[in-house]
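Observations on chain architecture
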Amino acid sequence: MEVNAQQFKVITSVESIVPSGLGRSGIISATEDRDYKEFTSEQTDEDNGRNKSDRGDIQVKNFEETKLLNFYNIGGIRFQNIAANDALISSKINAMVAEGWELAFVTSAVESDSGKDDGQGIFITRYIFKK
């Protein structure tokens, strides 16, 4: 008797927190798979060579990108943009649930402006689904 293993899928939202509305925001969902084993090496006392995986082979060229709005525009923080992003992210989560996926974990992080000359910043959230 064959037992079906659980599957997991990661969806990522990236929301720009760059001042003046610069930057790029979106929901990213890979539409092709990768086997981590193909890009993994094991380090031992006898063989401590570097991982020689080709980055071009790791890249995923087939993915969905759903446009999101940036947190800021020229006038400052835009609560309407945050509400719009919430609506789109909710729609994506609801679509995944309708396809049989269950939201199992959510994790987020921020890389924010660290000073006058930084000009960078993203708010990233990973939604981990299982079925």
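Here's a quick rundown of the structure. Just so it is clear, the structure is predicted and the values come from calculations on it, not from any experiment.

By secondary structure assignment, the location of asparagine 85 is in helix 2 (residues 79-98). Residue asparagine 85 is classed as buried on the basis of its relative accessible area of 0%.

What follows is about the sheet that holds strand 3 (residues 63-67). The strands making up a sheet associate through hydrogen bonds between their backbones, and the pairing can be parallel or antiparallel. With antiparallel pairing, five strands are arranged side by side in an open sheet as 3-2-1-7-6. Edge positions in the open sheet fall to strand 3 and strand 6 (102-111), since each of these has one partner strand only. Each neighbouring strand pair of the sheet contributes to a mean axis angle of 15°, computed without reference to strand direction. With nine bridges connecting them, strand 6 and strand 7 (residues 122-130) associate as antiparallel partners. For glutamate 102, the partnering residue across the bridge sits in strand 7 and is lysine 130. Helix 2 contacts strand 1 (8-16), strand 2 (26-30), strand 3, strand 6 and strand 7 of the sheet and is inclined by roughly 175° relative to strand 1.

How each quantity is defined
- Residues take numbers from 1 onward in each chain, read along the sequence in its written order.
- Given that the model is predicted, a residue must reach a pLDDT of at least 70 before its local features are reported, and side-chain atom pairs must reach 80 or more before they are shown or counted; all residues, however, enter totals for whole chains, interfaces and linings.
- As a rule here, side-chain values cover all heavy atoms of the structure and leave hydrogens and water aside.
- Each helix corresponds to a stretch of at least 4 residues labelled H or I by DSSP, and each strand to a stretch of at least 2 residues labelled E; elements are numbered beginning at the N terminus.
- Throughout this description, buried means an accessible area under 20% of the type-specific maximum (1.4 Å probe, protein chains only), exposed means over 50%, and partly exposed covers the range between.
- Strands are labelled as partners when DSSP assigns at least two bridges between them.
- Note on method: axes are straight lines fitted to C-alpha atoms, helices fitted across the in-contact stretch only, with angles between N-to-C directions ranging 0 to 180 degrees.
- Here, two residues are considered to be in contact whenever any of their heavy atoms come within 4.5 Å of each other.

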